[in-house]
Amino acid sequence: MKLAKFPRIRITHGPTPLEPMHRLSAALGGPQLWIKRDDCTGLATGGNKTRKLEYLVADAVQHGADTLITQGATQSNHARQTAAIAAKMGMECHIILEDRTGYRFADYQHSGNVFLDHLYGAHVSEVPGNTAMDKAMEDLAAQLRAKGRKTYIIPGGGSNALGALGYVTCALELADQAMNMGLHIDELVHATGSAGTQAGLVVGMEGARTQIPVLGIGVRAPRQPQEDKVFMLAQQTEELLGVPGSVARDKVVANCDYIGEGYGIPTPGMMEAVTMLARLEGILLDPVYSGKGMAGLIDLIRTGHYRKGQNIVFLHTGGAVGLYGYMHAFEGHMAP
Ligand SMILES: *Cc1c(COP(=O)(O)O)cnc(C)c1O
C-alpha cells in the first residue's frame, strides 16, 4: 500500500485511545467491550470526519483551492468538522444542509452542530429533503467560481476514496495498538452511513494483514445498498492505493436492523444506548450515528451473537455535539 505518498494535513490527536468499558461489559454480561475513541480526534470536539479531512483538505490545498464546499443533514457532524478545518486553514467554507427529518424543533434547527457551523464562520444554506445534493454543490461552486473563488467540493461525509484513506490509517493504528496491548480483537463495530469509514477500515485491515472482522451498523440505507456502497468505495480506495482486489466482498458486512423510522429519527434503542453509556462509562454518544450503532451492538449482545471471553471493540465515531440538537427527544424520557 502506498499510503505515505498522499499529502496529509496532520490535525488528528492520535493515536486515539483504545479503552476497556468495564461497567458496560458487566451490565450486559457478554463479551469484554472496548472503545476506540475517535470522538477524541481533537478538531472541533472530535469525530470521524477529521481523519478523512486530513487527506481531502491536503488535496484541496494542492489544487490551489481557497474555498471548501460540502453538504450534509441539518445536524451534520461532517459539516461542523469541515467548517472548523476551513477556519484553521484560512479557507472559506460553504455548507449546504439538507432537511432530512422535517423537524421544526428549535434545538434541532439552531443548536448543536448548526450553532458551531455558524461559530466557525461557515456560509450555511438550507435545502429541503431529497434535494439533489451533488448538483446543488456543483451549482454553488459555479456561482462562487464566477466570483473568483477557487472551489473544492468535498462529498457528503467526506466519503470518496481519498477521504477513506483516513480510515485505512485508523485500521493500521488500531491493529498496532492491539498488538502492543496483546489484545485479540474478535470484531470491530461502528455506525456506517456515507460508507467512507467502513470502506477505509476493511481496506486497512487487509493492509495490516489482520483478520479483525468489521461490522457496520447502518443508520440510513437498507442492508444490500449499504453493503454495495461500502464495497464499491473499498474497491476505489484499493485502486487509489495500488492494491486492487484485496478486499473480498464477504468482508463487507452491514446490519441495518437498527435504523428505526429513518435517518436522524430517534429510536428507543438509541435513547437507551446513549443513556447507558453516559451513566455506566461517562461517555457521550450521539443520537444519529454512534447511539444507533451502540444500540445495535447492545442488542446483538443480548441476543447471544457474541460469546463471553471475546473482545469486541466499538469505534466511537463522535457526534456528541448533536445531542444538543436532540434535547427535545430526551426531555421526559430520561430515567431519574
Ligand atoms: C459520519 C458519521 C458516521 C458514519 O461514517 P461514514 O463514513 O459516513 O459511514 C458515524 N458516526 C458519526 C458520529 C458520524 O458523524
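Residues numbered from 1 in each chain as written. Predicted model: local features only at pLDDT ≥ 70, side-chain atom pairs only at ≥ 80, totals over all residues. Heavy atoms only, no water.

> Lay out helix H10 (residues 268-281) with the relevant residues and their values.
If you check H10, its first and last C-alpha atoms are 19 Å apart, about what 14 residues at 1.5 Å a residue would give, namely 20 Å. Inspection of H10 places Met270, Met271, Ala273, Val274, Thr275, Met276, Leu277 and Leu280 among the buried residues, and these make up the whole buried set. The inward-facing, buried residues of H10 abut helix H1 (22-28), helix H11 (290-302) and helix H12 (327-330). (Helix = DSSP H or I, 4+ residues; strand = E, 2+ residues; numbered from the N terminus. Expected span 1.5 Å × (residues − 1). Buried < 20%, exposed > 50% of the residue type's maximum accessible area, 1.4 Å probe, protein only. Contact = heavy atoms within 4.5 Å.)

> Before we move on, could you go through the site of the ligand and cite the residues and values that matter?
As a structural note, the neighbourhood of the ligand is formed by 17 residues, with Lys49, Lys52, Ser194, Thr197 and Thr317 the closest of them. One of the side-chain nitrogen or oxygen atoms of Thr317 is found 2.6 Å away from a nitrogen atom of the ligand. When isolated, the ligand has an accessible area of 380 Å², and the protein chains bury 98% of it. Structurally, the ligand is housed in the largest pocket. (Near = heavy atom within 4 Å. Polar contact = N/O pair within 3.5 Å; in protein donor to acceptor, adjacent residues only side chain to side chain. Areas by Shrake-Rupley, 256 points an atom, 1.4 Å probe, with all protein chains shown as cover. 1 Å grid on protein atoms, 1.4 Å probe; cavity = no way out; pocket = protein on both sides within 12 Å on 5 of 7 lines; lining within 4 Å. Sits in = over half its atoms within 2 Å of the grid points.)

> I'd love a proper account of the layout of surface pockets, names of residues and values included.
A volume near 680 Å³ is recorded for the largest pocket. Lining the largest pocket are 38 residues; nearest its centre among them are Gly156, Gly157, Gly193, Ser194 and Lys229. Counting only elements with at least two residues in the lining of the largest pocket, the list comes to helix H2 (49-62), strand E3 (67-73), helix H3 (77-89), helix H6 (133-146), strand E7 (187-192), helix H8 (196-207) and helix H9 (223-241). For the lining of the largest pocket, the element with the highest residue contribution is H9, accounting for four residues. Of the voids in this model, the second largest pocket is the one considered here, and its volume is about 240 Å³. Lining the second largest pocket we find Val274, Thr275, Ala278, Arg279, Leu284, Leu323, Tyr324, Met327, Phe330, Glu331 and Met334. Contributions of two or more residues to the lining of the second largest pocket are made by H10 and H12. (Points joined across faces, edges and corners; volume = space filled by probe spheres on them.)

> Now, about empty space enclosed by the protein: what can you tell me, with residues and values included?
Going through the model one piece at a time under the given rule, you end up with one cavity of 30 Å³ or more. Space inside the largest cavity adds up to approximately 30 Å³. Around the largest cavity, the lining residues are Gln75, Asn77, Asn113, Asp286, Pro287, Val288, Gly319, Gly322 and Tyr326. Residue composition of the lining of the largest cavity, grouped by class: three nonpolar, five polar and one charged. (Nonpolar A, V, L, I, M, F, W, Y, C, P; charged D, E, K, R; others polar.)

> How would you sum up the packing of aromatic side chains? Please name residues and give values.
Enumeration according to the criterion identifies five aromatic pairs in this entry. Both rings, one in Tyr103 and one in Tyr108, keep their centres 5.2 Å apart while their planes meet at 85°; by these two values the pair is edge-to-face. A residue is classified by how much of its surface remains accessible, and Tyr103, at 15% relative accessible area, is buried. Here the aromatic rings of Tyr263 and Tyr289 are separated by 5.9 Å at their centres, their planes lie at 75°, and the arrangement is edge-to-face. (Phe/Tyr/Trp six-rings, centres within 6.5 Å; stacked < 30°, edge-to-face > 60°.)

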